[in-house]
Amino acid sequence: MSIWESLLSAFTSGGAGYSNIGTLGGVSFHVSAWNDVYTFDEFSRSAKTRTASHEVIGQKPLTEYLGPDLQTLTLKIKLHASRGVKPRNEIDRLIEYCEGGKVLTFTVGGQKVGKNKWLIESVDEAVKYYDTKGSILAADVDLSLKEYVVPKQIGGGYAS
């Protein structure tokens, strides 16, 4: 398949020149044939383990596996008014999600990222350009997300 066929397929796979890349809650990452572009890049996911060290006299400490740690995600979003996006509105929505503790599903390519939902830990905004009225024309947003595990309810209490 040529590059042009691939691009045409990407634009038309979502129907009528629209391609949905993924979602984060109510945010839709997409590209359209009408220069409507809302995407992310530099996506990074981190998974770790939790361990404990137990001191032993005259020997090296013993390592005990406790279980998996919460996963984290980082991604960069480029918001450009010239690409059909209202940067201020999108930044405000992401900050509202963050400060409100909104738990979100994150999908890419129609697949859920991770087994659980995600919580936005931080939103870092860097405005690149303003217009003559002070409206944001372009901004870069760095998002940090942490896996959100819902506790399982047992009887009247909770268990992890």
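Use the structure listed above.
Here is a short report on the structure shown in this document. (Residues numbered from 1 in each chain as written. Predicted model: local features only at pLDDT ≥ 70, side-chain atom pairs only at ≥ 80, totals over all residues. Heavy atoms only, no water.)

What to know about the sheet that holds strand β12 (residues 136–148)
Piece 1. Spatial strand order, β4-β7-β12-β11-β8: five strands in an open sheet with antiparallel pairing. The open sheet terminates on both sides in strands that have one partner only, identified here as β4 (40–46) and β8 (103–104).
Piece 2. As judged from the five bridges shared by β4 and strand β7 (residues 72–80), these two strands associate in the antiparallel manner. The partner of Ser 46 across the bridge, within β7, is Thr 72.
Piece 3. Against the sheet, helix α2 (residues 87–99) engages β7, β8, β11 (117–130) and β12, with an angle of about 150 degrees to β11. (Pairing = 2+ DSSP bridges. Helix = DSSP H or I, 4+ residues; strand = E, 2+ residues; numbered from the N terminus. Contact = heavy atoms within 4.5 Å. Axes fitted to C-alpha atoms, helices over the stretch in contact; angles between N-to-C directions.)

Here's the deal with the pattern of salt bridges
Piece 1. Applying the stated criterion to the full structure yields seven salt bridges.
Piece 2. One salt bridge connects Asp 92 with Arg 88, and the closest N-O pair in it is separated by 3.1 Å. Of the two residues, Asp 92 and Arg 88 are both situated in helix α2; the distance of four residues between them amounts to about one turn of the helix.
Piece 3. Close ionic contact of Arg 88 with Glu 125 constitutes a salt bridge, the shortest N to O distance being 2.9 Å. (Salt bridge = Lys/Arg side-chain N within 4 Å of Asp/Glu carboxyl O.)

Here's the deal with the side chain of Glu 147
Piece 1. With respect to the helices, strands and loops of the structure, Glu 147 is situated in strand β12.
Piece 2. Of the buried charged residues, Glu 147 lacks a salt bridge, with Arg 45 as the closest side chain of opposite charge at 7.1 Å.
Piece 3. Within the structure, the side chain of Glu 147 is placed 2.9 Å from the backbone nitrogen of Gln 71, a separation counted as a polar contact.
Piece 4. In this structure the side chain of Glu 147 is engaged in a polar contact, spanning 2.6 Å, whose partner is the side chain of Asn 116.
Piece 5. If sequence neighbours within four positions are ignored, Glu 147 has contacts with Asp 69, Leu 70, Gln 71, Asn 116, Lys 117 and Trp 118. (Buried < 20%, exposed > 50% of the residue type's maximum accessible area, 1.4 Å probe, protein only. Lys, Arg positive; Asp, Glu negative; His and termini not counted. Polar contact = N/O pair within 3.5 Å; in protein donor to acceptor, adjacent residues only side chain to side chain.)

Thoughts on unusual backbone geometry
Piece 1. The residue Glu 42 is not glycine, and still its phi comes out positive at about 50 degrees.
Piece 2. Within the fold, Glu 42 resides in strand β4.
Piece 3. Owing to a relative accessible area of 53%, Glu 42 belongs among the exposed residues under this scheme.

Quick notes on the environment of Ser 122
Piece 1. Positionally, Ser 122 belongs in strand β11.
Piece 2. Accessibility expressed as a relative area gives 22% for Ser 122, which makes it partly exposed.
Piece 3. Note: C-alpha distance between Ser 122 and Thr 74 (48 residues apart in sequence) is 9.6 Å.
Piece 4. The residues touching Ser 122, leaving out its near neighbours within four places in the chain, are Cys 98, Asp 142, Leu 143 and Ser 144.

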